[in-house]
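One letter stands for each residue in the lines below.
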Protein chains: 4
Amino acid sequence: MSSKGSGVLAYSGGLDTSCILVWLKEQGYDVIAYLANIGQKEDFEEARKKALKLGAKKVFIEDVSKEFVEEFIWPAIQSSALYEDRYLLGTSLARPCIARKQVEIAQREGAKYVSHGATGKQHGIPIPVTPKNPWSMDENLMHISYEAGILENPKNQAPPGLYTKTQDPTKAPNSPDILEIEFKKGVPVKVTNVKDGTTHRTSLELFTYLNEVAGKHGVGRIDIVENRFIGMKSRGIYETPAGTVLYHAHLDIEAFTMDREVRKIKQGLGLKFAELVYTGFWHSPECEFVRHCIAKSQERVEGRVQVSVFKGQVYILSRESPLSLYNEELVSMNVQGDYEPIDATGFININSLRLKEYHRLQSKVTAK
Amino acid sequence: MSSKGSGVLAYSGGLDTSCILVWLKEQGYDVIAYLANIGQKEDFEEARKKALKLGAKKVFIEDVSKEFVEEFIWPAIQSSALYEDRYLLGTSLARPCIARKQVEIAQREGAKYVSHGATGKQHGIPIPVTPKNPWSMDENLMHISYEAGILENPKNQAPPGLYTKTQDPTKAPNSPDILEIEFKKGVPVKVTNVKDGTTHRTSLELFTYLNEVAGKHGVGRIDIVENRFIGMKSRGIYETPAGTVLYHAHLDIEAFTMDREVRKIKQGLGLKFAELVYTGFWHSPECEFVRHCIAKSQERVEGRVQVSVFKGQVYILSRESPLSLYNEELVSMNVQGDYEPIDATGFININSLRLKEYHRLQSKVTAK
Amino acid sequence: MSSKGSGVLAYSGGLDTSCILVWLKEQGYDVIAYLANIGQKEDFEEARKKALKLGAKKVFIEDVSKEFVEEFIWPAIQSSALYEDRYLLGTSLARPCIARKQVEIAQREGAKYVSHGATGKQHGIPIPVTPKNPWSMDENLMHISYEAGILENPKNQAPPGLYTKTQDPTKAPNSPDILEIEFKKGVPVKVTNVKDGTTHRTSLELFTYLNEVAGKHGVGRIDIVENRFIGMKSRGIYETPAGTVLYHAHLDIEAFTMDREVRKIKQGLGLKFAELVYTGFWHSPECEFVRHCIAKSQERVEGRVQVSVFKGQVYILSRESPLSLYNEELVSMNVQGDYEPIDATGFININSLRLKEYHRLQSKVTAK
Amino acid sequence: MSSKGSGVLAYSGGLDTSCILVWLKEQGYDVIAYLANIGQKEDFEEARKKALKLGAKKVFIEDVSKEFVEEFIWPAIQSSALYEDRYLLGTSLARPCIARKQVEIAQREGAKYVSHGATGKQHGIPIPVTPKNPWSMDENLMHISYEAGILENPKNQAPPGLYTKTQDPTKAPNSPDILEIEFKKGVPVKVTNVKDGTTHRTSLELFTYLNEVAGKHGVGRIDIVENRFIGMKSRGIYETPAGTVLYHAHLDIEAFTMDREVRKIKQGLGLKFAELVYTGFWHSPECEFVRHCIAKSQERVEGRVQVSVFKGQVYILSRESPLSLYNEELVSMNVQGDYEPIDATGFININSLRLKEYHRLQSKVTAK
């Protein structure tokens, strides 16, 4: 049978994508298996062998960890991106990173199709019934998610043995680690462990180190019900150690250095960004636009934040910056600032003008 | 000297308002001293005696704790109100509660003026120089704030002995407390300690109990730099034990029961509410309007959330509700839901139509 | 052949829905034809005969004009609803009104299915090829739309003979009509022609009258390219005579009576409302919520606006209200208002505090 | 008496600033009079003589018209800036342009102070009583405003003789002018009168030409009540001929070329921009940020729009663009597009999943 052409399959080594691989071959396609190394724990060589054995024409194992951190996680940190006030978007950020490389491979290899795990469900590809896992997981450098199975009942508590990326807070060390995180343009550029002086400067290295230290202290666990793009509610449990520390540290240095009104506008853009990432619109004109605007807002977000991590919690301890809008003299209650008490009176009088008119009318109307 | 009329002074018993009391008397006013009991630790009878000794014509000590919880804190919990993503607004919520009662007293007593601590600074009333406190504090049932003094340098860490409302997390109990919080219309109506079965049902009682338990576990400390209404940045440290627990528990039950799109709109209103409260516009038409809309959104926010409090952290463990939009069958990966895979294909195709057009044009333009 | 059950078909009398009627019958359904009279020009009795002749089991002709005005157009007027800054949503508002009655009929008649014109395209029902109209039209009491055919080329100007609901402005009367429109709760309750004293008070009557007068003067034509829900851009030409007059008059009385900050929040809700209506989400929890909030904002939007209509344009001439926040004395440049010039100085000083700090830092940074 | 230093006074030649000039001299300041030529009709040489005669040390007459158009009006056009849905911000845009030059002069001349018309009121400078004008006016290249005096009563219609920048629509020409406006990056770069072929290409020239043609046809009059920054409502009448035409033409080319979702985000930024400009925050970090983002959104807003101006109204006739996202084939009802009817079904099914769940719950709750 002559080939219908090549397709690049995002292959995980697991049962579902293995079945899809075989099915695609049976349909007459040449299958190029693509495994993205995005920081998950996995035996990539084993997966390569399996793919070849199942009939893959070629196998590409691509390490996208560094670009995942720099081009996907960093913008999310700059945006203070939280989906529905809680979820740090670990899976949602990984997908467009994985897909971008898949498309690159397809273009390079002249493949006309790309295919992924959901292909199985959409085309009704038969997947053999196996003893069902008690839940499903999705891991990458930023987080691990748990959902489905026994977790589907939102009243069921997560079983103690579920977590893999963070220590149980009750078993975490009894003394905190203190980290100093330095930011430039809203992005971490240096992490120092204040106790032992350990320092990390490159993106991937410092993110990995934060995962390790924060994970050791049980930081970054959440258990939520979220709204899926397709409209239903879904329960998910996530561990995001480094992301959680960076979310808090960035928030602090941003508040310290960014103008109040710029921050309000940027906050609205950050909400939009989170929604776009969650719904799969990273590669869209609106998400490009929002990322551009947010990056612009971060030009002066620079300085050092000290945080402690302890028993599952991140505490902000202090901050300093060469670009802060904080003016210690002005803020002081002891020193006369740039404004006089009489100014405050005027400010209050003018601000209350509108309210006085409103109440004047209300009493007139009520009096009738 | 004949009186210039009566004024109601919000009197704290401290040095500043004592000086203002004396000064107002010297200017020829009859001073009615008003102390609001809003949950702070204070010797109210001592303050009463002092006010009378300094020449107050009358002294009113008014317990506003219950209305503070029900009419000010509850709307903030419903709103998920966070100023600049972090501050739970403890002081900002207390002010309009205190002021409302002050105006009531003025109307009842026929007083023409109201006056408060800031009056001293605005009128240049001389306050004797005393050994300066290392920081200033403001306490009420919801929180205590620390600022100024040595805290003004944002690089200085808070000294260990600063905190008064929460236990040091490193010294907190080694096992968590588990609390079940029941909500109706977005407001807590019952709190049960799962371990010992203790139950509290009235607003004031359950809030006080949550303060106690969460405080014991060190929950609710933050150290932030925030933007003041008058435009400068200011460093503040806050302890908000019950408020922190309720913020998280409410977020969870709301996400579980509220429609996704309603929630997005409500989220925008909540941001506005927080800003209005912080800037002192509680008693304004726009804040009334926003509170009305948010209350409307909470009609079906009902159910029970289990949380644990441990070493400074709040964990959501599980939730249930008679009004949840969560559909366990639909969410299941094992059961066929209300939609077919072919629907997902259509959904994706239509959603990507716009993106395809955008990229089609981009490549045309680039190709030129 | 036994029936597969009954279905209610939204029948227009035209070719497409006639073909669908026949096809449904062929498939074994009992067809109940439903014609909504929503103000379009149409021979309803002729359509009834045709439906019966084609095999409809029953025909219902329902006049929904009044509920269209009161329950769909009025909320849109209150919301100042404009899709993409220009389109007054004539078709989008009619759809949920028509559909609601269709569902009512289905429930009353025990029909299990509802079906409409788009059914033909979705099920591949063959429609005989006929000489193509130069464009397609959709009419109701609020507007008429023209699209497709020769209008698809956005560079083609609309042909002069296209318009049917408004006079060509170049042929419109040479002197304006002056209308006084009275609003209560943001909704018109009385329209008076100032010249001849004609008065209309009921919703349907006054809306019809405004269509007539504004139409005579050529008011309400627009030619736009809009973004469809499914993602593509589409060119549409619309005539909305009464809706255009009411949009402007309502805007004026709202600005006159509503608090500035309430209005800003309401403006955001109005944008959301327009988007929801356009995308077909009238009957959704979020649209219900938004309508509730907007209605709340309109409680004091009351008063009279005088407008002139002339050669396609609406001019606001004057307004008055018993509930206006407008204070003629305060606004006067001649009379001293509630604030002193010194207040303005204070207001400016405090507002500029933040800007001074920003520029102080910028010069420090630049100077380095 | 030795000088207290120099101050730059924004001098208009009128009574108020003349009195301020004299008062400043009397207080011991050296006064540098500065007249901005921003397109208003004024005898600048006469004003120069008067200033010198009153004792000004130096007089600068600065033509800022070109920078007014390019650096202030163009960003407003790109933003579709409307304050409170109606006001095109003619005065608000001129102020930061005038002020910027004033500061430049102060820096160049080593003056320590700047001063303007409002200085008189703030310092209680006596202005001789003169027969009061029936209203006050403020003119520049973009618009003229009328307010105060007999206009303060919002029920009074504007007297026929008030308007100076636009023809009375009832006396305007009986046939329209057709203009083709070409945009690049959201800014007009060429205006052609289709009838006579007249073409203008530079910013100042084409804006002046549009003022002339649109003014001749009575385009750009509005009569509104607006909310002032200081909180009160105020009635204003404005004529903005060129600005009105460009507002509509830009809206059209933007809708034609900009992605729907980018446009929604940009729309929010435009609302913010209008508010910032109106409240005097042009020179602020947030306004700089917003302008940057909006300019970014305009990169592909390019093409030609044909409009007619007639009896006070602007009509969009047609548009074309090399960068349009409009796809005539896709939009056609005759040609099969990039999506199948089955896709629409899936799109609808998935979109309605959330609504079905909502109604399922509602009926369950109601049934209880």
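Residues numbered from 1 in each chain as written. Chains lettered and ligands numbered in written order. Predicted model: local features only at pLDDT ≥ 70, side-chain atom pairs only at ≥ 80, totals over all residues. Heavy atoms only, no water.

- An unreviewed UniProt entry lists chain A under the name Argininosuccinate synthase, with Lynx pardinus as the source organism.
- In its Subunit (unreviewed entry) section, the UniProt record describing chain A reads: "Homotetramer. Interacts with NMRAL1. Interacts with CLOCK; in a circadian manner. Forms tissue-specific complexes with ASL, SLC7A1, HSP90AA1 and nitric oxide synthase NOS1, NOS2 or NOS3; the complex regulates cell-autonomous L-arginine synthesis and citrulline recycling while channeling extracellular L-arginine to nitric oxide synthesis pathway."
- Heading Catalytic activity (unreviewed entry) of the UniProt record for chain A holds this comment: "L-citrulline + L-aspartate + ATP = 2-(N(omega)-L-arginino)succinate + AMP + diphosphate + H(+)". (UniProt positions renumbered as here; feature names shortened; annotations may be inferred.)

## Considerations on the packing of aromatic side chains
All names here are of chain B.
Inference 1: If you walk through the whole model with that rule in mind, you get 46 aromatic pairs over all chains.
Inference 2: A centroid spacing of 5.7 Å and a plane angle of 40° characterise the contact between Phe256 and Tyr326, whose relative ring orientation is tilted. With a gap of 70 residues between them, Phe256 in helix H7 (residues 241-257) and Tyr326 in the loop between strand E13 (313-320) and helix H10 (328-331) connect regions that are remote in the sequence.
Inference 3: We classify Tyr326 as buried; its relative accessible area is 9%. (Phe/Tyr/Trp six-rings, centres within 6.5 Å; stacked < 30°, edge-to-face > 60°. Helix = DSSP H or I, 4+ residues; strand = E, 2+ residues; numbered from the N terminus. Buried < 20%, exposed > 50% of the residue type's maximum accessible area, 1.4 Å probe, protein only.)

## Examining unusual backbone geometry
Residue and element names in this part refer to chain B.
Inference 1: Positioned with a positive phi, Ala148 is a non-glycine residue whose angle comes to about 65°.
Inference 2: The residue Ala148 is located in the loop between strand E6 (144-147) and strand E7 (177-184) in this model.
Inference 3: A residue is classified by how much of its surface remains accessible, and Ala148, at 8% relative accessible area, is buried.

## Examining the interface of chain C and chain D
Inference 1: Taken together, the 81 residues of chain C in the interface contact 80 residues of chain D.
Inference 2: Interface area for chain C against chain D, summed over the two sides, is near 7500 Å², with a carbon-plus-sulfur share of 54%.
Inference 3: Per-residue buried area on chain C facing chain D is highest for Glu152(C), Lys233(C) and Arg260(C); these three make up 9% of the total on that side.
Inference 4: The tally of links between chain C and chain D comes to 12 salt bridges.
Inference 5: Residue contributions to the side of chain C that touches chain D peak at 10 residues, all from helix H11 (residues 341-367) of chain C.
Inference 6: Class assignment for the residues of the side of chain C that touches chain D results in 33 nonpolar, 24 polar and 24 charged. (Contact = heavy atoms within 4.5 Å. Buried area = accessible area lost by both parts, 1.4 Å probe. Salt bridge = Lys/Arg side-chain N within 4 Å of Asp/Glu carboxyl O. Nonpolar A, V, L, I, M, F, W, Y, C, P; charged D, E, K, R; others polar.)

## Re helix H1 (residues 15-26) of chain C
Residues and elements named next belong to chain C.
Inference 1: Relative to the 16 Å expected for 12 residues at 1.5 Å per residue, H1 spans 17 Å between its end C-alpha atoms, a close match to the ideal helical length.
Inference 2: Looking at H1, one finds that the buried residues are Thr17, Ser18, Cys19, Ile20, Leu21, Trp23 and Leu24.
Inference 3: Of the surrounding secondary structure, the elements contacted by the buried residues of H1 are strand E1 (6-10), strand E2 (30-37), helix H2 (44-53), strand E4 (113-115) and helix H5 (118-122).
Inference 4: Just downstream of H1 lies Gly28, where phi reads positive at about 100°. (Expected span 1.5 Å × (residues − 1).)

## Comments concerning the sheet that holds strand E4 (residues 113-115) of chain A
All names here are of chain A.
Inference 1: Strand order in this open sheet of 4 strands is E3-E2-E1-E4, and the pairing throughout is parallel. One side of each edge strand has no neighbouring strand; the edge strands of this open sheet are strand E3 (58-63) and E4. The sheet shows a mean angle of 25° between the axes of neighbouring strands, direction not considered.
Inference 2: Pairing of strand E1 (residues 6-10) with E4, which is carried by 3 bridges, proceeds in the parallel orientation. Bridge pairing in E4 places Gly7 opposite Tyr113.
Inference 3: Its contacts with the sheet place helix H2 (residues 44-53) against strand E2 (30-37) and E3, and it is angled at close to 160° to E3. (Pairing = 2+ DSSP bridges. Axes fitted to C-alpha atoms, helices over the stretch in contact; angles between N-to-C directions.)

## Regarding the pattern of salt bridges
Inference 1: Inspection of the entire model under this criterion finds 133 salt bridges over all chains.
Inference 2: The partner of Glu275(A) in a salt bridge is Lys264(B), with the nearest N and O atoms 2.9 Å apart. You can see Glu275(A) sitting in helix H8 (residues 260-278) and its partner Lys264(B) sitting in helix H8 (residues 260-278), one on each of two chains.
Inference 3: The exposure class assigned to Glu275(A) is partly exposed, which follows from its relative accessible area of 21%.

## A short note on the interface of chain B and chain A
Inference 1: Counting from both sides, the interface comprises 81 residues of chain B and, opposite them, 81 residues of chain A.
Inference 2: Summing the contributions of chain B and of chain A, the shared interface buries around 7500 Å²; its carbon and sulfur component is 54%.
Inference 3: Contact with chain A buries area across many residues of chain B, yet Glu152(B), Lys233(B) and Arg260(B) alone supply 10% of it, more than any other trio.
Inference 4: Taken together, the connections running from chain B to chain A amount to 12 salt bridges.

## With respect to the relation of the copies chain B and chain A
Inference 1: The transformation that overlays chain B on chain A combines an axial shift of 0.0 Å with a rotation of 180°, and the residual RMSD is 0.0 Å. Such values leave the two copies arranged in the relation of a two-fold axis.
Inference 2: An overlap of 100% is found between the interface residues of chain B and their copies at the interface of chain A, pointing to a shared contact surface. (Least-squares fit on C-alpha atoms with pLDDT ≥ 70 in both.)

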